[in-house]
Each structure stands twice: as C-alpha cells, then as structure tokens.
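Commentary on secondary and tertiary structure
Residues per chain are reported as follows:
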Protein chains: 2
Amino acid sequence: MNRIEHYIRDIQDFPKPGILFKDIAPLLQDPEGLSACLSELKALVPDVKIDKVIGMESRGFLFGTMLAKRLHAGFVLARKPGKLPYKTISQTYALEYGEDAIEMHIDAIKEGEHVLIHDDVLATGGTAEAVCKLVERLGGKIVQCNFIMELESLGGRKKLQGYDIQTVLKY
Amino acid sequence: MNRIEHYIRDIQDFPKPGILFKDIAPLLQDPEGLSACLSELKALVPDVKIDKVIGMESRGFLFGTMLAKRLHAGFVLARKPGKLPYKTISQTYALEYGEDAIEMHIDAIKEGEHVLIHDDVLATGGTAEAVCKLVERLGGKIVQCNFIMELESLGGRKKLQGYDIQTVLKY
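Description of the structure in this document. Note that the coordinates shown come from a computational prediction; the quantities given were computed from them, not determined experimentally.

Summing up its helical and strand segments, chain A has five helices and nine strands in all. Helices and strands appear in chain A in the N-to-C order β-β-α-α-β-α-β-β-β-β-α-β-α-β. A globule of 171 residues ought to have a C-alpha radius of gyration of about 16 Å, and chain A, at 15 Å, matches this closely. Overall, the C-alpha framework of chain A stretches about 40 × 40 × 30 Å when taken along its three principal axes. Among the 171 residues that make up chain A, the fraction classed as buried is 56%. For chain A, the accessible area works out to roughly 7,400 Å², and carbon and sulfur atoms hold 49% of it.

In structure tokens, the structure reads:
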C-alpha cells in the first residue's frame, strides 16, 4: 500500500448515488500526509525545467501551488467560465450530457514554456484534455499531466494519448 | 511600495460594473512573486505552533496550502454548501441582499487546536467571520486571520474585532 493511500477517505454516493468519491481532506489535514503527497507528486516530474504548473479549479489549486513552489515554477489557474477577471482563452469539452468549458488567461503561458498540468483526480479526462489544448494554443509544451489519483475504469488516459500521464494512486 | 504590489493587476468592472478587482494571477504566474508573497504571509504569523491552516474557497486554497506546508500544519478546506463530501458543520452569513453559508468537515479541527485562517482578500469580512464561528464551534483557537490584501473601505476589520487581523497589502 502506498504511504498516502490510507489518508484517502471513501465516501459512498457523493456527489450522486452510485458514485464512490475519493476524499482527499484527511490527506490535507495531516501535515505528514500533505508533505508525503507533495513529495510523491514531485517525484513523478521529470528532471527538466518546469516554467508553469497549471492547477484546475478548484481541487487542482491545492497541490498545484505547492508543486509550483517546490519546482520554482509559476502557477496558472484553469477556471470555469466567467471566473477569471482578465482576457481569457476558452476551450469547450463534452460531458455525458451537453458540454462545458474551461478558461485560462491569455498571458498565462508564453511561447515555448514547459508546462506541468496538475489535478487531484484523473476521471474521464475531459477537463485535462481541454487544458492541454489551451496550453498548446498559447504555444506551451506539455511536459506532463500529473494527478494524485486515477480512476482507471473511466478511461481518462485514452483521451490524453501522446502525453506523459503520471498518477500517485490508481483505483 | 511593497515588493509584491507590482504583481497585482487592477481589473475595472469585474465581476460587476463599478468594482475594481485586484487580480493575483500575475503574482502566482511569476515564481519570484509567488515566493515573495508566501514569505510575506509567513512573516505575519506569530511564532506559535499552528496546527491547521484554513483556506476559503477557492482563492484561499492557493496560498493556504503553501502556508500550511511552510508552517508544518495541516490544511482545511472551507467550502460553499454542498461541495464537501463528508459530514459538515455549516454557518450562514449575511450578504447585501439575502444570505449565504460556508461549510467545513466536522473532523477538520480538533478541540484546542491552533488555527490560522487565510484568504486572498479581506473585503466585507462576512465569510471570514462565519469561518471564525465554525472554528470556535469545533473548539479551535484562532491565532490569526491572515490575508494578502485588505480593501479597507469595505470595513471587514470591524466584523473581526477581537481577532489578530494581518494583511500584506492595504487598499
């Protein structure tokens, strides 16, 4: 068992009936858990200069900023539509029913910058794929998509083919 | 001028006409800005053991987790209703029209723990006051309410009388 696995709490039927939610609150609440998880995430990152870490709203902000600090990189917010105050670039992605969008500031990534994309969970991969497209539209190079955990049955990895996908835990 | 002040971007009329929004995205995007702001926030904290840092959804998550890591504390999420998956404790607070609520997990704070409350901006103080009440209902001791910036004309400090209120920047 991975040393951070016992900090993850299973919540039945959240946010909807039939879903088993993996709650990272106990991991964050414990200084040892928080520190161990950050070290594990950092250990996945290849030894190249990372210019920007992108964290996806809102749980991707939690370890995303700590990873940026650890890697001496800047941090970029990927947010739901209408949340970012400056000029944005937007990318839609399909949901089970309908579609949603994710946005970044147009000055968030500079041409040629090395980018690490981070979120807590890789599920269907829709949001991560949309963020990859945003980064590439701004001229950034994606070094890795980095997650605390992957829900393998949801097939997110297939949507992100061609990228380095790394996760600390797999379920 | 404070060394982090030039990283803050003014956005006119966001999120509503007549509001001047202080955007911290340029601060986060620059590794020097991110690091300097974290150091300034840390420098405000008194030299006592902090058990938990609470960050308020969602921009309070950004420096909140980094502060927790720096202080060797755990991190606790204060979220809008319905977002936290486990059993919660809730506190309502008044808005200009109507009211809203903020929630924490019931196991987020243990009796007697020393707590630092963090958010990016102190505006009217409504959310911060509600989080203070939640912490005290769970038996925690509030060491400080810690912000990147304070919008003094909105009078938030008055709502938080009796607490140690510290901010890096004042507008």
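Resuming the write-up.
Any two side chains of opposite charge can pair, given that their charged atoms come close. Evaluation of the coordinates by the stated rule reveals 20 salt bridges over all chains. Linking Asp107 of chain B and Arg9 of chain A is a salt bridge whose minimum nitrogen-to-oxygen distance equals 2.8 Å. Here Asp107 of chain B, found in the loop between strand S6 (99–105) and strand S7 (114–122), pairs with Arg9 of chain A, found in strand S1 (residues 9–12), and the two come from separate chains. Linking Lys52 of chain B and Glu113 of chain B is a salt bridge whose minimum nitrogen-to-oxygen distance equals 2.9 Å. A residue pair is termed long-range when its members are at least 10 positions apart, and Lys52 of chain B in strand S3 (residues 52–56) and Glu113 of chain B in the loop between S6 and S7 qualify at 61 residues.

Moving on to the sheet that holds strand S9 (residues 165–170) of chain A. Strand pairs in the sheet, formed through backbone hydrogen bonds, run parallel or antiparallel to each other. All names here are of chain A. Within the open sheet, the five strands sit side by side as S4-S3-S7-S8-S9. Their pairing is parallel. Only two strands of the sheet have a single neighbouring strand rather than two, namely strand S4 (74–78) and S9. Neighbour-to-neighbour, the strand axes of this sheet turn through a mean angle of 20°, independent of strand direction. Two strands pair when backbone bridges link them, and strand S3 (residues 52–56) and strand S7 (residues 114–122) are joined in this way by four bridges, in the parallel orientation. Each residue of the ladder has a partner; that of Lys52, found in S7, is Val115. Against the sheet, helix H2 (residues 31–44) makes contact with S7, strand S8 (141–150) and S9, and its axis sits at roughly 145° relative to S8, the strand it touches most.

Residue and element names in this part refer to chain B. Across the sheet, five strands lie side by side as S4-S3-S7-S8-S9; this open sheet has parallel pairing. With one partner strand each, in any of the chains shown, strand S4 (74–78) and strand S9 (165–170) form the two edges of the open sheet. Geometrically, the sheet is characterised by an average inter-axis angle of 20° between neighbouring strands, direction not taken into account. Direction of pairing for S7 relative to strand S8 (residues 141–150): parallel, over a ladder of eight bridges. Note on S8: the bridge partner recorded for His114 is Lys141.

Another point: the nonpolar core. Core analysis: the largest hydrophobic core is formed by 66 residues, its most contacted members being Phe63 of chain A together with Phe63 of chain B. Not counting residues up to four positions away in its chain, the partners in contact with Phe63 of chain B are Leu27, Leu28, Leu34, Cys37, Leu38, Leu41, His118 and Ile148 of chain B.

This next bit is on the relation of the copies chain B and chain A. Rotating chain B by 180° and translating it 0.0 Å along the rotation axis places it on chain A, where the RMSD comes to 0.0 Å. Read as a symmetry element, the transformation amounts to a two-fold axis. Scanning chain B for the C-alpha nearest the rotation axis identifies Met66 of chain B, at a separation of 2.7 Å.

What counts, and at which threshold
Residues numbered from 1 in each chain as written. Chains lettered and ligands numbered in written order. Predicted model: local features only at pLDDT ≥ 70, side-chain atom pairs only at ≥ 80, totals over all residues. Heavy atoms only, no water. Helix = DSSP H or I, 4+ residues; strand = E, 2+ residues; numbered from the N terminus. Rg over C-alpha atoms; globule rule 2.2 N^0.38 Å. Buried < 20%, exposed > 50% of the residue type's maximum accessible area, 1.4 Å probe, protein only. Areas by Shrake-Rupley, 256 points an atom, 1.4 Å probe, with all protein chains shown as cover. Salt bridge = Lys/Arg side-chain N within 4 Å of Asp/Glu carboxyl O. Pairing = 2+ DSSP bridges. Axes fitted to C-alpha atoms, helices over the stretch in contact; angles between N-to-C directions. Contact = heavy atoms within 4.5 Å. Core = buried A, V, L, I, M, F, W, Y, C linked by side-chain atoms within 4.5 Å. Least-squares fit on C-alpha atoms with pLDDT ≥ 70 in both.

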